[in-house]
Amino acid sequence: MNRTWALPQVDETRCTLCGLCVEACSCQAVQLGERGPIFACPEACLRTRAEACDCCCLCEEVCPTSAITCAFEIVGSGQDYTKRN
Amino acid sequence: MLVQNLSQLPFFARLGDDVLRESAPHIHERTFSPGQVILLEGDLCQAVYFVVRGVVRTHRTSLAGREHVLAYLGPGESFGLVPALDGGPHLASVDAVTDTTFYVIPCEHFRRIVREHPGVALAVLERLASEVRRLSDVVEDLALHTVRTRLARFLLAQAEEAQPSHRWTQEEIAAHIGTVREMVGRTLRAFAATGLIRRERGRVVVVDREGLEREATGR
């Protein structure tokens, strides 16, 4: 399913270019651009750009100015929820 | 048209068409866009707002800027009742989550309706009573339960919805359950590590409902 909206969103007006998101990213999907972080596929990554980031949300967690947000839906899985989702 | 729409709202359903027609000139329709501030905590009360379409968020904010969401209100729900009745300032700030339409009734006219129509007065009392119950639950949640418990309850409640109605950020959830973003992130990771939830692209999936229910009851 296409969830490109699920890539972290950056509010460049809040970003101070501190680079903590780059350090925190476990899959090296973040590079620091001139105006803020850019979520891009690492060179070695064979997957599409939208799949490079695995949405662990660590970047959001470490951002001191709340410039990064990762939106997600909350759904159920398993027998209790199967019929609905 | 306004009279017909008014009769769909819980309070006004108890009024006859003649009273609704009499009230109509005092009632104004207003629309707001997503993110637009409708009123601020501490503002003097000018009117009671009834949501006709859309969703609004009521919240309080600390001096340090930390926000706590009190409620999301949809069609048929209202805000501004307490200050309209006691003459004090608004208890919370309100902003529009979606495109929203309201019927706005000046406080003075609203008080007149309440005075003259016991059915409306009773509806107002019932509404305030249910709010006291809800806020008592909120106080219990904040005072007696850990962030882990509150987050488990929140996830279970959201997963109950047939269709996800909202895409949440950690900051929004923190404002909703009375904590900070870092705690939400840390607790989500802890839940994922113990297999209660699974994180996917753009999704948090509740995979062990029973386990999360145990967390939600603090057992």
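(A) Fine view of the overall build of chain A. Of regular secondary structure, chain A possesses three helices and five strands. When each of the 85 residues of chain A is scored for burial, the buried share is 32%. Pairs at least 24 residues apart make up 56% of the contacts formed inside chain A by residues separated by at least 6 positions.

(B) Structural view of helix 7 (residues 170-177) of chain B. For helix 7 of chain B, a buried count of six out of eight residues is recorded, marking the element as mostly surrounded by other parts of the structure. Among the residues making up helix 7 of chain B, those that are buried are Gln170(B), Ile173(B), Ala174(B), Ala175(B), His176(B) and Ile177(B). The inward-facing, buried residues of helix 7 of chain B contact helix 3 (58-62) of chain A together with strand 4 (56-61), strand 5 (67-73), helix 6 (147-159) and helix 8 (181-193) of chain B. Just downstream of helix 7 of chain B lies Gly178(B), where phi reads positive at about 75°.

(C) Representation of the confidence of the model for chain A within the structure. All names here are of chain A. Mean pLDDT over chain A stands at 76; residues scoring 70 or higher make up 67%. By mean pLDDT, helix 2 (residues 49-52) is the weakest element of chain A at 53, and strand 5 (residues 73-76) is the strongest at 91. When the criterion is pLDDT under 50, residues 42-47 qualifies, and its contacts beyond four places in sequence or with other chains add up to six contacts.

(D) Looking closely at the environment of Gln9(A). Locating Gln9(A) in the fold gives a position in strand 1 (residues 9-10). Among the residues examined, Gln9(A) registers 14 C-beta atoms within 10 Å and is labelled partly exposed.

(E) Helix 8 of chain B, seen in detail. Given a rise of 1.5 Å per residue, 13 residues ought to cover 18 Å, and the 18 Å separating the end C-alpha atoms of helix 8 of chain B matches this to within 8%. Every buried residue of helix 8 of chain B is accounted for by Arg181(B), Met183(B), Val184(B), Gly185(B), Thr187(B), Leu188(B) and Phe191(B). In this structure, the buried residues of helix 8 of chain B make contact with helix 3 of chain A together with helix 6, helix 7, strand 9 (197-200) and strand 10 (203-206) of chain B. Two residues or fewer past helix 8 of chain B, Gly195(B) is found with a positive phi of approximately 80°.

What counts, and at which threshold
- Residues numbered from 1 in each chain as written.
- Chains lettered and ligands numbered in written order.
- Predicted model: local features only at pLDDT ≥ 70, side-chain atom pairs only at ≥ 80, totals over all residues.
- Helix = DSSP H or I, 4+ residues; strand = E, 2+ residues; numbered from the N terminus.
- Buried ≥ 20, exposed ≤ 12 C-beta atoms within 10 Å, placed from the backbone.
- Contact = placed C-beta atoms within 7 Å.
- pLDDT = per-residue confidence, 0-100.
- Expected span 1.5 Å × (residues − 1).

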